[in-house]
Amino acid sequence: MANKATIIAHSGDMDKIYSALIIGNGALAMGMEASIFFTFWGLQRLKKGGLEKGPLSKMNMLGLGKLLVTLKMKKTGVASLERLLQDFKELGGKILACDMTMEIMGIKREELRDDLISDYCAVGTYVNEAKDSSITLFI
Amino acid sequence: MAEIKVDCINETCPVPLVETRKALRKAKDGDIVIVTGTHPASKKEIPMAVKALGLELLDIKEDGNVWTIRIRR
């Protein structure tokens, strides 16, 4: 079993994207390889300007809940999603975009943050990565 | 042999771990990376990462709620 973490970011909720990026960064920091496969609502967060746009998965309250949590996170010194994404790339993490989601949601490559995306792929790539991963998560 | 300082005071999960890893990647063999921070869990977890990376943990010091970890690459 390879020393690798493969994470599916299916949800686009802000708190779940935090989980995916924190775990991905943690794996890289502990010397593992890591990849995050962005699909469905998760892929929306890779649109230009879309990273911070996700609602809170619970108690979003039309954005009020998200605002309160965001303020609390700032006060606690939690890193921004953008910083976590840049750190993930810097430490050698792979960002994979689901091309089927792009087709069904009509997302074009130029709408996505192409500079961060290692590959546009489908389920075969995920399974191929996951089959020798010691950690795989669906978020 | 250089000393590389990483200041993670008042930073929380996962920043101290990530910044330590970034510094260790940039360091050359034999360099000493000195991380200071206040996040309690990172004080336990940075040594775990050092072990997983097969590097040498020199020492851990504490002064109030501030800890200092020295690692040799």
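Everything below is about the structure printed above this text.
Attention in this report is confined to the structure presented alongside it. (Residues numbered from 1 in each chain as written. Chains lettered and ligands numbered in written order. Predicted model: local features only at pLDDT ≥ 70, side-chain atom pairs only at ≥ 80, totals over all residues.)

### Things to note about the overall build of chain B
- When helices and strands are counted, chain B shows two helices and four strands.
- Ordering the α and β elements of chain B from the N terminus gives β-α-β-α-β-β.
- Its C-alpha radius of gyration of 11 Å places chain B within 12% of the 11 Å reference for a compact globule of 73 residues.
- Over its C-alpha atoms, taken along the principal directions, chain B stretches across nearly 30 × 20 × 15 Å.
- Considering chain B as a whole, with its 73 residues, one finds that 33% of them fall into the buried category. (Helix = DSSP H or I, 4+ residues; strand = E, 2+ residues; numbered from the N terminus. Rg over C-alpha atoms; globule rule 2.2 N^0.38 Å. Buried ≥ 20, exposed ≤ 12 C-beta atoms within 10 Å, placed from the backbone.)

### Some remarks on helix α3 (residues 64–76) of chain A
- Here α3 of chain A is 13 residues long and its end C-alpha atoms lie 18 Å apart, about the 18 Å a rise of 1.5 Å per residue gives.
- Of the residues trailing α3 of chain A, G77 of chain A is marked for its positive phi of about 85°. (Expected span 1.5 Å × (residues − 1).)

### Focus on the sheet that holds strand β1 (residues 2–9) of chain A
Residue and element names in this part refer to chain A.
- Strand order in the open sheet made by the five strands is β4-β3-β2-β1-β5, with parallel pairing throughout. Edge positions in the sheet fall to β4 (119–121) and β5 (133–138), since each of these pairs with one other strand and no more. The sheet shows a mean angle of 20° between the axes of neighbouring strands, taken without regard to direction.
- For strand β2 (residues 33–38) and strand β3 (residues 94–98), the ladder comprises four bridges, and the chain directions are parallel. What sits directly across from F38, in β3, is A97.
- Relative to β1, helix α1 (residues 14–29) is tilted by about 170°, and along the sheet it contacts β1, β2 and β5. (Pairing = 2+ DSSP bridges. Axes fitted to C-alpha atoms, helices over the stretch in contact; angles between N-to-C directions. Contact = placed C-beta atoms within 7 Å.)

Keep in mind that these numbers describe shape and distance, not what the molecule does.
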